[in-house]
Each structure stands twice: as C-alpha cells, then as structure tokens.
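Chain by chain, the residues run as shown.
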Amino acid sequence: MADAVVFDMDGVLVESEHLWEELWTTFAAARGARWGPEQTGSCQGMSAPEWATFLTEFAGGGESAEATEREVVDGMIAALEGGRIDLLDGAREMVAEAAARGPVALASSAPRRVIDAVLIRHSVDHHFKATVSSAEVSRGKPSPDVYLAAAERLGVPATACLAVEDSSNGLRSAAAAGMTVIAIPNPQYPPAEDALAGATHIATDHASVTRFLVTELKKGDRA
C-alpha cells in the first residue's frame with residue numbers, strides 16, 4: 001500500500017544524463033584531462049558539491065569547486081533554454097496520474113537551480129508538493145538522505161512511498177530509504193544488477209511505470 005510517490009529527475013522525467021557527461025567531459029578537456037565512462041559512473045548520483053569537488057580535482061585546473069559547479073550548471077541552464085532538455089515520452093502523464101492520486105515529490109541529484117528551471121520550463125512544477133536536491137542534505141545518492149528528506153517534507157513515512165529511479169546509485173538510495181522502488185533503466189547508462197535487485201518492479205517504459213503507480217496508489221486509497 002502506497003501513499004505517495006517520489007520521482008528522480010535526470011533520466012526519469014527528462015533526458016539529461018548525457019548532457020551532464022558532456023559538460024563534465026568538456027570542462028576536463030579544457031584543462032588537459034581526459035574524462036571517460038569510469039568518471040561519469042563515479043559521479044552519477046553525487047550531489048553537485050560532491051561531483052564539483054571530484055571534477056575539480058580530476059581536471060586539475062586550479063578552480064574552486066564552487067566555480068566548477070557554477071560553470072557546469074550554467075551549461076545545463078543554457079542547454080535547457082536551448083531546447084536540449086526535453087521531457088521523456090510519457091513522463092508528463094506519469095507525473096500527472098500519480099499527483100491525481102496522492103502527493104508527489106522529487107528527490108534529485110541536480111542542484112536547486114536546475115531542478116526549478118526544468119520543472120517550470122516544462123510546466124510540471126505544480127504537481128510537486130516537495131522537491132529536494134541532494135545538495136540540501138548531508139550526503140548524495142547512494143545514501144538515502146535525499147529520499148528520506150523528500151518523504152519528510154511530504155509528511156509521509158518513507159516506507160509508504162513509491163520511488164521511481166533509473167540509475168544504479170539512485171536505485172540504491174531509494175531502496176536504502178525503505179521505499180518501494182520502481183526501476184526504469186536508462187539504456188545509455190544501464191544500472192548494475194545489484195541495484196536492480198532492490199527494485200520491486202522493473203519497467204520497460206513510462207506507461208508501464210504509470211500503470212504500476214496507479215495500481216499501488218489505488219491500493220493505498222482502499223486502505
């Protein structure tokens with residue numbers, strides 16, 4: 001039985017994981033460092049301060065982590081304004097259907113500036129009762145902090161929440177929070193088997209996620 005849903009953003013609502021990788025790669029290359037899949041995998045799920053520190057040290061350019069974060073985030077905002085960050089097929093309907101049946105929150109590794117800009121640009125911000133960036137909690141994913149904070153802001157126990165995730169560290173984070181996890185694996189960055197093992201339902205597309213959410217939230221309504 002579920003009372004609420006907590007969504008990830010990158011790779012669940014919008015197609016943007018590749019843009020983070022592109023911006024990290026460009027930043028490192030400009031400073032003579034070669035960024036690759038191993039580094040991307042290490043950073044996925046990290047909060048902005050965490051990946052900015054990692055990227056700064058890896059690139060060795062001498063900037064502060066704060067300056068690194070600002071440059072990359074500026075690039076993401078420019079990509080959004082340039083029409084490069086679209087909602088994934090079925091994401092709008094998925095969020096709307098869930099929000100019609102219970103409170104909905106967002107638990108994202110993206111910084112606050114990107115979260116707000118994405119939700120507002122795509123006119124889905126009104127569906128969310130709470131949004132949390134992992135930069136606003138002690139630890140990024142795979143730690144459960146961001147999911148626990150989202151549940152707390154909704155006023156719903158984490159164990160009564162459904163979580164929708166696409167990446168290894170996101171899946172681990174939601175499972176560690178005690179939520180019922182729905183995986184929608186990112187084909188470009190497929191999650192690890194151990195992360196998928198913590199999911200109750202593995203979806204093939206957003207319509208499949210929506211059907212599962214509606215069923216589980218209806219169970220909660222009957223209770």
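See above for the structure.
A few points on the structure. Because the structure is predicted, anything quoted here is derived from the model rather than measured. (Residues numbered from 1 in each chain as written. Predicted model: local features only at pLDDT ≥ 70, side-chain atom pairs only at ≥ 80, totals over all residues. Heavy atoms only, no water.)

### Details of the pattern of salt bridges
Working step 1: Inspection of every chain in the model, using the stated rule, returns 12 salt bridges.
Working step 2: Of the charged contacts, one joins Arg31 and Glu63 as a salt bridge, the two residues approaching to 2.7 Å between their closest N and O atoms. Placement of Arg31 in the loop between helix H1 (17–29) and helix H2 (37–43) and of Glu63 in the loop between helix H3 (48–59) and helix H4 (65–81) is noted, with a sequence separation of 32 residues between them.
Working step 3: Classification of Arg31 as partly exposed rests on a relative accessible area of 23%.
Working step 4: A residue is classified by how much of its surface remains accessible, and Glu63, at 27% relative accessible area, is partly exposed.
Working step 5: Glu71 is paired through a salt bridge with Arg31; the nearest N and O atoms lie 3.3 Å apart. Of the two residues, Glu71 is situated in helix H4 and Arg31 in the loop between H1 and H2; the sequence distance between them amounts to 40 residues.
Working step 6: Several salt bridges converge on common partners, so that one network encompasses Arg112, Asp116, Glu136 and Arg153. (Salt bridge = Lys/Arg side-chain N within 4 Å of Asp/Glu carboxyl O. Helix = DSSP H or I, 4+ residues; strand = E, 2+ residues; numbered from the N terminus. Buried < 20%, exposed > 50% of the residue type's maximum accessible area, 1.4 Å probe, protein only.)

### Overview of the layout of surface pockets
Working step 1: Size it by volume and the largest pocket reaches roughly 160 Å³.
Working step 2: Contributing to the lining of the largest pocket are Gly11, Glu15, Leu88, Ile184, Pro185, Asn186, Pro187, Gln188, Thr204, Asp205 and His206.
Working step 3: Considered class by class, the residues forming the lining of the largest pocket number 4 nonpolar, 5 polar and 2 charged. (1 Å grid on protein atoms, 1.4 Å probe; cavity = no way out; pocket = protein on both sides within 12 Å on 5 of 7 lines; lining within 4 Å. Points joined across faces, edges and corners; volume = space filled by probe spheres on them. Nonpolar A, V, L, I, M, F, W, Y, C, P; charged D, E, K, R; others polar.)

### Focus: the nonpolar core
Looking at soluble globular proteins, one finds that nonpolar side chains tend to be buried together.
Working step 1: Phe7, Leu13, Trp51 and Leu213 are the most contacted members of the largest nonpolar core, which has 51 residues in total.
Working step 2: With residues up to four places along the chain from it excluded, the contact list for Phe7 reads Val12, Met94, Val95, Ala98, Val104, Ala105, Leu106, Ala107, Phe128, Tyr147, Val164 and Leu213.
Working step 3: Ranked by size, the runner-up nonpolar core spans 27 residues in total, among them Ala4, Cys161, Ala177 and Val181. (Core = buried A, V, L, I, M, F, W, Y, C linked by side-chain atoms within 4.5 Å. Contact = heavy atoms within 4.5 Å.)

### Comments concerning the packing of aromatic side chains
Working step 1: Tallied over the full model, the rule gives 8 aromatic pairs.
Working step 2: With 6.5 Å between their ring centres and 80° between their planes, Phe7 and Phe128 make a pair best called edge-to-face. Separated by 121 residues along the polypeptide, Phe7 in strand S1 (residues 4–7) and Phe128 in the loop between helix H6 (112–121) and strand S3 (130–133) bring together distant segments of the chain. An identical accessibility class is assigned to Phe7 and Phe128; each is buried.
Working step 3: With a centroid separation of 5.8 Å and an interplanar angle of 50°, the aromatic rings of Trp24 and Trp35 are classed as tilted. Taken as a pair, Trp24 in helix H1 and Trp35 in the loop between H1 and H2 lie far apart in primary sequence, 11 residues in all.
Working step 4: Grouping aromatic residues by their ring pairs yields a cluster made of Trp20, Trp24, Trp35, Trp51, Phe54 and Phe58.
Working step 5: The ring of Phe27 has Arg31 sitting right over it, with the charged end atom 3.6 Å from the ring centre. (Phe/Tyr/Trp six-rings, centres within 6.5 Å; stacked < 30°, edge-to-face > 60°. Lys NZ or Arg CZ within 6 Å of the ring centre and 35° of its normal.)

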